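# Chains, contacts and geometry: an overview
The primary structure of each chain is shown beneath.
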Amino acid sequence: MKVLPFKIPKHQNISLIYQEDRVQYFYDKLHQHEEIQLSFIVEGEGTLIVGDTVNYYAKDDILVIGSNIPHIFKSDIKASETSHMISLFFTKEAFGEHFFELEELKELQKFFKRTMHGFKITSKQKQIKTLFLALEKASKLDRFILLLQLLKHISKANYKSLSSFIYDKKYTDNEGYRMRNVFEYTMNNFDKEITLNSVSEVANMTKNAFCKYFKKRTNKTYIQFLNELRIENACKLLNTDQDLSINEIAFKTGFNNISNFNRQFKTIKGKSPNAFRKSNI
């Protein structure tokens, strides 16, 4: 099966796809699919890369990933033995080319605009969670009705964008495999030394060619992306392990220089590691 583009399994004439993943870890390869994805994290936590941006997902998160946005769920199996996610997949044209242009559904247009960068819901979680949990035993018709209710609540909820930049072309198969290998290598080795030479070899490119290639497709340098991944993991340790010193966290997340760690942390998070830890106690 090709990783990019990723096809959501479905029967013929099915416009709305319900999927429940109850596994040790979620599908962890870079992939994109035509369908918009609405997901509720029942159990599990880990790193989520959407487009160009490193995020962290956890239990009770409600996530929306737009059509053809490359993304990866990297489950942290040390933090949670089970990963459980309830999802709906559909395209804007799934119920008819002009269905969502009907006057009665005009208030949902802002939802589709937000999907271009993907987003995480930050309010109305209780109502939305209840609707997701009702999907399992619902009939196909009831699932369609639940989808409209979900879209109504989600379009009115507060949200946080998951990505700041989206490459406006679909990845070719070769690009997909290359970017998948780069992201997979980075996520598996961020806590060790990674050089531009080593990651360029993973991409099977010269260093200069790789730097230009990565920047064009993510709107940031590879080093920026690597630092964001490291800082996101540092934030998790700052929140969950009070016994670790800031120096220890810096070295555990791939920084061999505490000054650089503090500088990068403040650049990305807008505050020092110590201030971040205190604000989340």
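Residues numbered from 1 in each chain as written. Predicted model: local features only at pLDDT ≥ 70, side-chain atom pairs only at ≥ 80, totals over all residues. Heavy atoms only, no water.

### Brief notes about the overall build of the protein chain
When helices and strands are tallied, the protein chain shows 10 helices and 9 strands. Taking 281 residues into account, the globule formula puts the C-alpha radius of gyration at 19 Å, and the protein chain, at 20 Å, falls close to it. If one aligns the C-alpha atoms of the protein chain with their principal axes, the spans along those axes are about 55 × 45 × 35 Å. Counting across all 281 residues of the protein chain, residues that qualify as buried make up 48%. Across the protein chain, the fraction of contacts at a sequence separation of at least 24, relative to all contacts at a separation of at least 6, is 74%. For the protein chain, the computed accessible surface area is about 14600 Å², with 48% contributed by carbon and sulfur atoms. (Helix = DSSP H or I, 4+ residues; strand = E, 2+ residues; numbered from the N terminus. Rg over C-alpha atoms; globule rule 2.2 N^0.38 Å. Buried < 20%, exposed > 50% of the residue type's maximum accessible area, 1.4 Å probe, protein only. Contact = heavy atoms within 4.5 Å. Areas by Shrake-Rupley, 256 points an atom, 1.4 Å probe, with all protein chains shown as cover.)

### Section: the packing of helix 7 (residues 222-240) against helix 9 (residues 258-269)
At a closest axis distance of 10 Å, the pairing of helix 7 and helix 9 adopts a crossing angle of 90 degrees. The pairing of helix 7 with helix 9 is recorded here as roughly perpendicular in orientation. Here helix 7 contributes Asn227, Glu228, Ile231, Glu232, Ala234, Cys235 and Leu238 to the contact with helix 9, which in turn contributes Phe261, Gln264, Phe265, Ile268 and Lys269. Residues belonging to the contact of helix 7 with helix 9 are distributed by class as follows: 7 nonpolar, 2 polar and 3 charged. (Axes fitted to C-alpha atoms, helices over the stretch in contact; angles between N-to-C directions. Parallel < 35°, antiparallel > 145°, perpendicular 65-115°, else oblique. Nonpolar A, V, L, I, M, F, W, Y, C, P; charged D, E, K, R; others polar.)

### Notes on the sheet that holds strand 7 (residues 83-90)
Read across the open sheet, the 6 strands follow the order 1-7-2-5-8-9; overall the sheet is antiparallel. Every other strand in the sheet has two partners, leaving strand 1 (17-23) and strand 9 (159-161) as the edge strands with one partner each. Within this sheet the neighbouring strands show an average axis-to-axis angle of 20 degrees, counted without direction. Strands strand 2 (36-43), strand 5 (62-65), strand 7 and strand 8 (119-121) of the sheet are contacted by helix 2 (residues 125-133), whose axis makes an angle of about 95 degrees with strand 2. (Pairing = 2+ DSSP bridges.)

### Examining unusual backbone geometry
For asparagine 68, which is not glycine, the phi dihedral falls at a positive 60 degrees. By secondary structure assignment, the location of asparagine 68 is in the loop between strand 5 and strand 6 (71-75). A positive phi is found at lysine 124, a non-glycine position, where the angle reads about 60 degrees. With respect to the secondary-structure elements, lysine 124 resides in the loop between strand 8 and helix 2.

### Some points on helix 9
Taking 1.5 Å as the rise per residue, helix 9 with 12 residues should run 16 Å; its terminal C-alpha atoms sit 16 Å apart, in good agreement. For helix 9, the set of buried residues is Phe261, Gln264 and Phe265. The arc enclosing the buried residues of helix 9, seen along the axis, measures out at 105 degrees, which places them on a common side. Opposite the buried face of helix 9, at more than 90 degrees from it, the exposed residues are Lys266 and Thr267. Looking at the packing, one finds that the buried side of helix 9 touches helix 7, helix 8 (246-252) and helix 10 (273-279). The residue sitting at the N-terminus of helix 9 and contributing the capping side-chain oxygen is asparagine 257; that oxygen lies 2.8 Å from the backbone nitrogen of serine 259. Positive backbone phi, approximately 80 degrees, marks glycine 270, located one or two places after helix 9. (Expected span 1.5 Å × (residues − 1). Arc of directions from axis to C-beta. Polar contact = N/O pair within 3.5 Å; in protein donor to acceptor, adjacent residues only side chain to side chain.)

### So, the environment of phenylalanine 90
On the secondary structure map, phenylalanine 90 appears in strand 7. Between the C-alpha atom of phenylalanine 90 and that of valine 54, which follows or precedes it by 36 residues, the distance is 24 Å. Once residues lying within four places of it in the same chain are set aside, the contact partners of phenylalanine 90 are Ser15, Leu16, Glu35, Ile36, Leu38, Phe95, Phe100, Phe111, Phe112, Leu147 and Leu151.

### Remarks on the pairing of strand 4 (residues 53-57)
The buried count for strand 4 comes to 4 of 5 residues, which makes it a mostly enclosed element. Looking at chain direction, strand 3 (residues 46-50) and strand 4 are connected through 5 bridges and run antiparallel. Across the sheet, isoleucine 49 pairs through a bridge with valine 54, a residue of strand 4. With antiparallel pairing between neighbouring strands as the criterion, strand 3 and strand 4 make up a hairpin whose turn holds 2 residues, including glycine 51 at a positive phi of roughly 65 degrees.

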